[in-house]
Amino acid sequence: MRTNLNRIARRLLAVGSALFLASSCGGKPSPKPAEPAASGTPAAEEPVLNLYTHRHYESDDQLFEAFTKLTGIAIQVTSAGADQLISRIKGEGPDCPADLLVTVDAGRLCRARDLGLLQPVESPALDAAIPAALRDPGHFWFGFTVRARVIAYAKARVQPGQITSYADLADPKWKGRVLVRSGDSLYNQSLVAAMVANEGPEKTAAWVQGLTQNLARKPLGGDRDQVMALAQNLGDVALVNSYYLGQMAQSKDPAERAAFAQVALVFPDQNGRGTHINISGAGVAKYAKHPDNARRFLEFLASPAAQQVFPATSFEYPIDPQFDTSPLHREWGPYRADTLNLSKLGEHYPAAMAIIEASGW
Ligand SMILES: [Fe+2]
């Protein structure tokens, strides 16, 4: 694994250097003086980028290092829970040192945008690299990886093809067999918000009610815990984010690897709307002191060189499948994703939260 990562990091630097040089030479003429070829830091901003992030993946550390090598811009990281970071940006106001808020889930980025904590970024490179459904139409945030909310099932007790859709999870034939974390989880809230957007609140409320009536146990733990519970025969099907399965497959913990070996995965709704996806993404802070460095970092994250790092390390999907380097993803095969524009999640949260609260999930 380590050798593999080193190889990827070296490749990233090689490809990234070429890309960086290409992007700093091409495109519209810049009002700023030409940048020196390799270090490329605009004179107007000191070579610093302050990130507020709650991601904690090995892929991110590799990418920070590679970006600094390419640009000379030092990255300073403030880590905390996502909601804490948002409150902190809000509380610090114009004194906030954050240049970029990096987090997971479009719903959270919509919330930061609606609180007035982000500023729009104009970047033809970002618009070209990132599909419209994965970025904010007002350019306040941009997705740089994709995660699918999939169904894992116990191979010993469920046959392939027996469960194919989110709707199945609410069917009484799965009574007492469904594992899922609590409705407090943003992952579930975003799924419900997407359903409200696609199918309306009534149908969604009926689904949530059916799902909660099928639970094998009171919601407990995170997504990994649901996979562990499948292996312990505590339930037969579980709703989880795809990258947890990849991380468990490569885990240092033998129990996680053993649990992974006992499950298979289904991308729900392949004959319908497609599987619900979400993003890791980022937006430039309203009072960023280094907005240009932040834009360049976003462009770097969306570049092919950086995109290839995510599937190999955090097991997230790249924004364009052609950059997927994960053998596990290849084994799972391509899947159809719901094309709902993720900026729509924000407006459907209130309805989603009301449905979840009424169900006691
Ligand atoms: Fe997660």
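Cut-offs and rules
Residues numbered from 1 in each chain as written. Predicted model: local features only at pLDDT ≥ 70, side-chain atom pairs only at ≥ 80, totals over all residues. Heavy atoms only, no water. Donors = N, O, S within 2.8 Å, 3.2 Å for Na, K, Ca; no water. Helix = DSSP H or I, 4+ residues; strand = E, 2+ residues; numbered from the N terminus. Buried < 20%, exposed > 50% of the residue type's maximum accessible area, 1.4 Å probe, protein only. Salt bridge = Lys/Arg side-chain N within 4 Å of Asp/Glu carboxyl O. Pairing = 2+ DSSP bridges. Core = buried A, V, L, I, M, F, W, Y, C linked by side-chain atoms within 4.5 Å. Contact = heavy atoms within 4.5 Å. pLDDT = per-residue confidence, 0-100.

Caption draft 1: The coordination of the iron ion, seen in detail. Taken together, the protein donors to the iron ion comprise Tyr187 (OH), Tyr243 (OH) and Tyr244 (OH), at separations of 2.0 Å. For the iron ion, the single-chain donor residues occur in sequence as Y-x55-Y-Y. Taken as a pair, tyrosine 187 in helix 6 (residues 186-199) and tyrosine 244 in helix 9 (residues 242-249) lie far apart in primary sequence, 57 residues in all. With a relative accessible area of 14%, tyrosine 244 lands in the buried category.

Caption draft 2: Region of interest: the pattern of salt bridges. A complete count under the given rule lists 17 salt bridges for this structure. One salt bridge in this structure joins arginine 177 and aspartate 236, with 2.6 Å as the shortest N-O distance. On the criterion of sequence distance, the pair formed by arginine 177 in the loop between strand 5 (142-154) and strand 6 (178-179) and aspartate 236 in the loop between helix 8 (223-231) and strand 7 (237-241) is long-range, its members being 59 residues apart. A single salt-bridge network, built from bridges that share partners, covers Arg55, Asp60, Arg147 and Glu316.

Caption draft 3: Here's a closer look at the pairing of strand 5. Across the 13 residues that make up strand 5, a large majority, 13, are buried. The sheet contact formed by strand 5 and strand 7 spans 5 bridges and is antiparallel. Its bridge partner lying in strand 7, alanine 152 is registered against alanine 238. Summarising the sheet, strand 5 and strand 8 (residues 263-266) pair through 4 bridges and their orientation is antiparallel. Within the sheet, the bridge partner assigned to tyrosine 153 lies in strand 8 and is alanine 264.

Caption draft 4: Seen up close, unusual backbone geometry. Of note in the backbone geometry, aspartate 269 takes a positive phi value of approximately 65° without being a glycine. By secondary structure assignment, the location of aspartate 269 is in the loop between strand 8 and strand 9 (277-285). Exposure remark for aspartate 269: the relative accessible area of 17% places this residue in the buried category.

Caption draft 5: Geometry of the nonpolar core. If you look at the biggest cluster of nonpolar residues, it comprises 102 residues, and the most contacted ones within it are Leu100, Leu169, Trp207, Val237, Leu245, Phe297 and Phe300. Broken down by element, the residue count for this core peaks at 8 residues, all from strand 5. Apart from the residues lying within four places of it in its own chain, the contact partners of phenylalanine 297 are Leu49, Leu51, Phe64, Phe67, Ile75 and Leu100. Core analysis: the next-biggest nonpolar cluster, separate from the first, contains 6 residues, Tyr57, Val104, Tyr244 and Phe315 among them.

Caption draft 6: Representation of the environment of phenylalanine 323 within the structure. If you trace the backbone, phenylalanine 323 turns up in the loop between helix 13 (309-313) and helix 14 (327-332). Judged by relative accessible area, which is 17%, phenylalanine 323 ranks as buried.

Caption draft 7: Broad picture of the confidence of the model for the chain. Per-chain confidence: the chain averages 89 in pLDDT, with 88% of residues scoring 70 or above. In this model, residues 8-42 is a region of pLDDT below 50 whose contacts with residues beyond four sequence positions or in other chains number 52 contacts.

Caption draft 8: Molecular detail of the environment of serine 185. Topologically, serine 185 is positioned in the loop between strand 6 and helix 6. Separated by 37 residues in the primary sequence, serine 185 and glycine 222 place their C-alpha atoms 8.5 Å from one another.

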